[in-house]
Amino acid sequence: MVVAHIIDSLDTGGAEVVAVNMANALSRVEGVTAHLVVTRHAEGDLRQRIAPGVQLLVLNKKGPLDIKALFRLRNYFIRENVDVVHAHSTSFLYPAILEPFSNFMLVWHDHYGLPVRPDGKRNYPYKLFSPLFDHVFCVSQQLVENAQKHLHVNPHHIQLLYNFSVPLQVSPAQQVAKPKDKKVIVMSANLRPQKDHGNLIAAVQLLVQKLPDIVVYCIGAGKDEAYKDSLKAKIEAAGLQNTLFLMGAQPNPFAYYNIADLAVLSSSSEGLPLTLIEYGFAGCAVVCTDVGQSAAVVNRESGWIVPAAHPQELADNMLYALTHPDEAAKKATRLQKHVHKFFSEEAAIEVVLKVYNAIVKT
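About the cut-offs
- Residues numbered from 1 in each chain as written.
- Predicted model: local features only at pLDDT ≥ 70, side-chain atom pairs only at ≥ 80, totals over all residues.
- Heavy atoms only, no water.
- Helix = DSSP H or I, 4+ residues; strand = E, 2+ residues; numbered from the N terminus.
- Expected span 1.5 Å × (residues − 1).
- Buried < 20%, exposed > 50% of the residue type's maximum accessible area, 1.4 Å probe, protein only.
- Arc of directions from axis to C-beta.
- Contact = heavy atoms within 4.5 Å.
- Pairing = 2+ DSSP bridges.
- Axes fitted to C-alpha atoms, helices over the stretch in contact; angles between N-to-C directions.
- Parallel < 35°, antiparallel > 145°, perpendicular 65-115°, else oblique.
- Nonpolar A, V, L, I, M, F, W, Y, C, P; charged D, E, K, R; others polar.
- Salt bridge = Lys/Arg side-chain N within 4 Å of Asp/Glu carboxyl O.
- Polar contact = N/O pair within 3.5 Å; in protein donor to acceptor, adjacent residues only side chain to side chain.
- Phe/Tyr/Trp six-rings, centres within 6.5 Å; stacked < 30°, edge-to-face > 60°.

**Observations concerning helix α11 (residues 311-323)**
Consideration 1: Helix length check: α11, at 13 residues, gives a terminal C-alpha distance of 18 Å against a target of 18 Å (1.5 Å per residue), a fit within 8%.
Consideration 2: Within α11 the residues assigned to the buried category are Leu314, Ala315, Met318, Leu319, Ala321 and Leu322. Buried residues of α11, seen end-on, are gathered within an arc of 165° and therefore sit on one face of the element.
Consideration 3: Those residues of α11 that are buried lie in contact with β8 (183-188), α6 (197-207), β11 (262-265), β12 (286-289), β13 (304-306) and α12 (325-342).

Okay, structure coming up:
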């Protein structure tokens, strides 16, 4: 079987990491040839994570509909005899256009949900092309229900598939020194409004009043310059210039997880946060907001989960976790066992292969 995963970029977002991880995992399965198609450009921190066994195609498309890039993709699928195209998030457009004239089966992987227009209606391209989807994976139950309601796909072919992560080894060159006599807090999330860094900033402002010897590293790419500037202004207004740092995208976030006393996710909206799974694999104590499928990863036995957009509760739970290290360590161990059991590469790939085999045979 020949499978091509397709993603728009190699930036370190959740959908991008899952696409690369899946292609890598499939390249190690006997009888499967794995391809990874990137629609835009080859730059991005995930480039170095692509396994040698994965065949890479970079389309370098110019604009939303690049006819030359579309035909390059068509010729590639024909030449490589691709059986299944697994499109992540917004990358579904090109394979959906090609699907009626091709022999491959099309899987759409919904990481974020259907966009909503200002008039409240669901974004039409998803509904328009959805009859061409042979199967849909969603990263949360909420997205499953959303897709079943709005997409023109047999509900039996819309399925929950939890994200999975792969622990990364930290090389000596990647290691990060832990500041002396400081408690280290890490948050890994791209700089987007849904991640609600403002909630974190407000919580840290409250936290330093009771626990001043902390440092907070925020890892994540920020292409929205206006949003990034607004966060910098909030950090300055809160007097946190020497406490909370925007570190940008990092090629190996585990270098920061390894020195963290606490890992945090302050989002207002999520699907199933890959970040929480990474925290678990790294053995971090975790405080996160109760959004999307976060509670499927972190619960009261394995961490602290708080309402979204409540900086006081976020600060109180961060303070408790940092001042009760023995309890935090026990919860971190439970979380690590949980993610190994339910969010491993093996568990996800078993489900995915079962679907591939079923739709290719139909």
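**Some thoughts on the sheet that holds β12**
Strand pairing in a sheet is mediated by backbone hydrogen bonds. Such pairs are either parallel or antiparallel.
Consideration 1: Strands sit in the order β10-β9-β8-β11-β12-β13 across an open sheet of six strands; the sheet is parallel. Because the sheet does not close on itself, it has two edges, and the strands there are β10 (244-248) and β13. When strand polarity is set aside, the average angle formed by the axes of neighbouring strands in this sheet is 20°.
Consideration 2: In terms of strand pairing, β8 meets strand β9 (residues 214-219) through six bridges, oriented parallel. Residue pairing across strands places Met187 opposite Cys218, the latter belonging to β9.
Consideration 3: Its contacts with the sheet place helix α9 (residues 274-282) against β8, β11 and β12, and it is angled at close to 170° to β11.

**Structural notes on the packing of α11 against α12**
Consideration 1: Between α11 and α12, whose axes approach to 5 Å, the crossing angle comes to 100°. If you check the angle between α11 and α12, you find them roughly perpendicular. Contact with α11, carried on its side by Tyr320, Ala321, Leu322 and Thr323, involves Pro325, Glu327 and Ala328 of α12 and no other residues of that element.
Consideration 2: Of the residues in the contact of α11 with α12, the class split is five nonpolar, one polar and one charged.

**What about the pattern of salt bridges?**
Consideration 1: Summed over all chains, the structure comprises seven salt bridges.
Consideration 2: Among the ionic pairs, Lys223 bridges to Asp11, the shortest N-O distance being 2.4 Å. In this pair, Lys223 sits in the loop between β9 and α7 (225-237) while Asp11 sits in the loop between β1 (2-7) and α1 (14-26), placing the two residues 212 residues apart along the sequence.
Consideration 3: For Lys228, the salt bridge identified is with Glu225, shortest N-O distance 3.5 Å. Placement of the pair is Lys228 and Glu225 together in helix α7, with a separation of three residues, close to one helical turn.
Consideration 4: A residue is classified by how much of its surface remains accessible, and Glu225, at 45% relative accessible area, is partly exposed.

**Quick notes on the side chain of His86**
Consideration 1: Along the polypeptide, His86 turns up in strand β4 (residues 84-88).
Consideration 2: His86 gets classed as buried once you look at its relative accessible area, which sits at 0%.
Consideration 3: In this structure the side chain of His86 is engaged in a polar contact, spanning 2.9 Å, whose partner is the side chain of His109.
Consideration 4: Of note is the side chain of His86, whose polar atom sits 2.6 Å from the side chain of Tyr356.
Consideration 5: What His86 contacts, discounting residues up to four positions off in sequence, is Ala4, His5, Ile6, Met22, Val107, His109, Phe137 and Tyr356.

**Here we look at the packing of aromatic side chains**
Consideration 1: The final tally for this structure, using the stated rule, is 13 aromatic pairs.
Consideration 2: Between Phe92 and Tyr126, the ring centres sit 5.0 Å apart and the planes meet at 45°, which makes this aromatic pair tilted. Of this pair, Phe92 sits in the loop between β4 and α3 (93-98) while Tyr126 sits in helix α4 (residues 124-129), and the two are 34 residues apart along the sequence. Of the two residues, Phe92 and Tyr126, both sit in the buried class.
Consideration 3: Here the aromatic rings of Phe92 and Phe133 are separated by 5.8 Å at their centres, their planes lie at 85°, and the arrangement is edge-to-face. Linking Phe92 in the loop between β4 and α3 with Phe133 in the loop between α4 and β6 (135-138), this pair joins segments that are 41 residues apart in sequence.
Consideration 4: You can call Phe92 buried: its relative accessible area is 4%.
Consideration 5: By relative accessible area, Phe133 is classed as buried at 5%.
Consideration 6: One aromatic cluster is present, built from ring pairs that chain together Phe92, Trp108, Tyr126, Phe129 and Phe133.

**Observations concerning α1**
Consideration 1: With 13 residues, α1 extends 18 Å between its outermost C-alpha atoms, agreeing within 8% with the 18 Å of an ideal straight helix rising 1.5 Å per residue.
Consideration 2: Taken across its 13 residues, α1 has 12 buried, putting it largely inside the fold.
Consideration 3: Listing the buried residues of α1 in full gives Ala15, Glu16, Val17, Val18, Ala19, Val20, Asn21, Met22, Ala23, Asn24, Ala25 and Leu26.
Consideration 4: For α1, the secondary structure elements touched by its buried residues are β1, β2 (33-38), β4, β5 (105-110), α9 and α13 (345-361).

**Some remarks on unusual backbone geometry**
Consideration 1: Residue Asn60 is not a glycine yet carries a positive backbone phi of 50°.
Consideration 2: Along the chain, Asn60 turns up in the loop between β3 (55-58) and α2 (67-79).
Consideration 3: Here Asp181, not a glycine, exhibits a phi torsion of approximately 60°, which is positive.
Consideration 4: Mapped onto the secondary structure, Asp181 falls in the loop between β7 (158-160) and β8.

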